[in-house]
Amino acid sequence: MKNLLNIKYAVAAVLSPALAIPLGAPAYGASGAGAEAAGVVTVEVIAANGSGCAPGTATVTGNADDTGFRVRYRDFIAEAGGDASATDRRKNCQVSVLVSIPSGWTIAIAEATYRGRANLYSGASGLHRTTYYWQGSSQSDSVSQTFTGPRSDSWSTTQVAGVLHYQPCDTQSVLNINTELRVDAGTSTRKNSLSMRTSDGDVDTLFNYSLTPC
């Protein structure tokens, strides 16, 4: 299995520079006859590392309409205050997703939506930060958002790519997704948390992609 992962990363690392196209109106997936011709994009988690995602706790599934895919975390939560330990205050996770596209097509990430849950008491604060990039590319996209207590609810943010970075045609590409959750108890003495766990409800990270013929 280790040799297989090395081969996959080696393939991704030698990819030629991606085609960058300014984004006008968002275009997710292929449409009409184009979608049928494109076939199915397949996704697979080939690596997951970090204090917030032990091996086997991050999964990825494609949307039924083939317009994107979702990343779900089972145990991704940061906590501070109360009986939380110092190491619980910051959690991170890097997930590497192998994306395979049909022959004759190229792909780019058009939009990303991040959803989680905040349980913060008065005086506490939290931070979510995600950066994603294609393996072998110098281009990356990132989003950061802060939270202040008191609040106990779900949160969501959507990031639209300013430029579509298309991958080389007829290749398998690896999308690296780095996410950090951080909580500062501040003046709060109770346990505060920021999470992206699937057990917290409708929580996941959704990537919508754009497909175009080569």
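Above this note sits the structure.
Rules and cut-offs
- Residues numbered from 1 in each chain as written.
- Predicted model: local features only at pLDDT ≥ 70, side-chain atom pairs only at ≥ 80, totals over all residues.
- Heavy atoms only, no water.
- Buried < 20%, exposed > 50% of the residue type's maximum accessible area, 1.4 Å probe, protein only.
- Helix = DSSP H or I, 4+ residues; strand = E, 2+ residues; numbered from the N terminus.
- Pairing = 2+ DSSP bridges.
- Core = buried A, V, L, I, M, F, W, Y, C linked by side-chain atoms within 4.5 Å.
- Contact = heavy atoms within 4.5 Å.
- Axes fitted to C-alpha atoms, helices over the stretch in contact; angles between N-to-C directions.
- Salt bridge = Lys/Arg side-chain N within 4 Å of Asp/Glu carboxyl O.
- Disulfide = S-S within 2.5 Å.

Side chains I77 and E79 of strand β5 (residues 77-80) all project onto a buried face; the interleaved residues A78 and A80 project onto the opposite face, where all are buried too. Both β5 and strand β13 (residues 192-195) contribute to a ladder of 4 bridges, which runs antiparallel. For A78, the partnering residue across the bridge sits in β13 and is L194.

Formed by 41 residues in total, the largest nonpolar core has its most connected members in F69, Y73, V99 and F207. In terms of residue count, the dominant contributor to this core is strand β7 (residues 105-120) (7 residues). Contacts of Y73, omitting those with residues within four sequence positions, involve T57, A58, C93, V95, I177, T179, M196, R197, T198 and T205.

Let us look at the sheet that holds strand β2 (residues 42-49). Spatially, the 5 strands line up as an open sheet ordered β2-β6-β12-β8-β9, and their pairing is antiparallel. The open sheet has two free edges, formed respectively by β2 and β9 (141-148), since each of these has just one partner strand. The mean angle between the axes of side-by-side strands here comes to 15 degrees, regardless of whether they run parallel or antiparallel. Note: strand β8 (residues 125-134) against β9, 8 bridges, orientation antiparallel. Bridge pairing in β9 places Y132 opposite D141.

It is worth spelling out the pattern of salt bridges at this point. Applying the stated rule across the entire model yields 12 salt bridges. R197 is the partner of D200 in a salt bridge, and the nearest nitrogen-oxygen pair spans 3.1 Å.

Evaluated as defined, the whole model comprises 2 disulfides. Put simply, C53 and C93 are joined by a disulfide, and their sulfur atoms are 2.1 Å apart. Judged by the sign of its S-S torsion, about 95 degrees, the bond between C53 and C93 is right-handed. Highlighted residues: C53 in the loop between β2 and β3 (58-62) and C93 in strand β6 (residues 90-100), separated in sequence by 40 residues. Across the disulfide from C169 sits C214; the S-S distance is 2.0 Å. Across the S-S bond linking C169 and C214, the dihedral sits near -120 degrees, which makes this disulfide left-handed. A residue pair is termed long-range when its members are at least 10 positions apart, and C169 in the loop between β11 (163-166) and β12 (172-184) and C214 in the segment after β14 (205-213) qualify at 45 residues. C169 sits in the partly exposed class, given a relative accessible area of 33%. Sequence-ordered numbering of the bonded cysteines in the protein gives a disulfide pattern of 1-2, 3-4.

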